[in-house]
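# Observations on the model geometry
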Amino acid sequence: MAEGWQAALRAAQLAETDPYAHYAVGIMSFVMGRLNRAMEAAQRSIDLSPSFALGYMLLGMSRLFLGRAALATEPLQRGLRLSPHDPLAFLWLHFLAFAHFLAGESDKALQPALDAAAKRPDLPSTHCALACCLAELGRQREAEQAVAEMSRSSSAGQEELGEFVSRFVNPDQRERIRESLRKGGWQGHW
């Protein structure tokens, strides 16, 4: 990780006007839990290239995990519009679903959650987003199915999903996710 961080910083020094260099700093910052730094680097990449889709994804992710869900939806949607066939669209979609869900818009979260789970049925967090939305919408049977799928797709057990949810800085948001999963029949803990 330290080597990646140094390489990203060096890239940004050598190519100050390259949005990818700032994205590299941002994604390394995100991985290291430096979400404010990630957000700044994402904004810099967008400022350099207003159609840089990855910059919007990173900006939305950073805002989402910093507890600014309502501010995360617009950059995530814009990034998806700029790169509609991105091979990582499932990530963008499930981050968008979580952003809408945590902003109190479960109805708007449902379609991105469904799309993300369809694109990556092996990723527990896509089913987590879907289960949360369905539970909040009162669609109990479907929420239970999503929880079951979430459990099946978690090869590393609950720890994997717990690590994902722990990245949300705001404890109220983590609890909201847990509570919605419980509504869907989840009996795990983290």
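Cut-offs applied
Think of each chain on its own: its residues are numbered from 1, step by step along the sequence as written. Residue-level local features of this predicted model are given only where pLDDT is at least 70; pairs of side-chain atoms are given and counted only at 80 or more, and the full residue set underlies all totals for whole chains, interfaces and linings. Hydrogens are left out, water is left out, and the side-chain values use all remaining heavy atoms of the structure. For this document, the term salt bridge refers to a Lys or Arg side-chain nitrogen within 4 Å of an Asp or Glu carboxyl oxygen. Summary of the burial criterion: residues with accessible area below 20% of their type's maximum are buried, those above 50% are exposed, and those between are partly exposed, where the area comes from a 1.4 Å probe applied to protein chains only. Pairing of aromatic side chains here covers Phe, Tyr and the six-membered ring of Trp, requires ring centres within 6.5 Å, and sorts the geometry by plane angle: under 30 degrees stacked, over 60 edge-to-face, intermediate tilted. Under the scheme used here, helices are H or I runs from DSSP no shorter than 4 residues and strands are E runs no shorter than 2 residues, and both carry numbers assigned from the N terminus.

### Topic: the pattern of salt bridges
Within this structure, the stated rule accounts for nine salt bridges. Here lysine 108 and glutamate 105 are joined by a salt bridge, their closest N and O atoms 4.0 Å apart. Under the relative-accessibility criterion, lysine 108 is labelled partly exposed at 48%. Owing to a relative accessible area of 25%, glutamate 105 belongs among the partly exposed residues under this scheme. Residue aspartate 122 is joined to arginine 120 by a salt bridge in which the shortest nitrogen-to-oxygen separation is 2.7 Å. Since its relative accessible area comes to 43%, aspartate 122 is described here as partly exposed.

### Things to note about the packing of aromatic side chains
As enumerated under the stated definition, the model contains nine aromatic pairs in all. Plain terms: the ring middles of phenylalanine 65 and phenylalanine 164 are 5.8 Å apart, the flat faces sit at 90° to each other, and that makes the pair edge-to-face. Taken together, the residues span a long stretch of sequence, with phenylalanine 65 in helix α4 (residues 53-65) and phenylalanine 164 in helix α10 (residues 158-166) at a distance of 99 residues. An identical accessibility class is assigned to phenylalanine 65 and phenylalanine 164; each is buried. For the ring pair phenylalanine 98 and phenylalanine 164, a centre distance of 5.5 Å and an interplane angle of 45° mean the geometry is tilted. Note that phenylalanine 98 is positioned in helix α6 (residues 89-102) and phenylalanine 164 in helix α10, a separation of 66 residues in sequence. By the burial criterion, phenylalanine 98 is buried, and phenylalanine 164 matches it.

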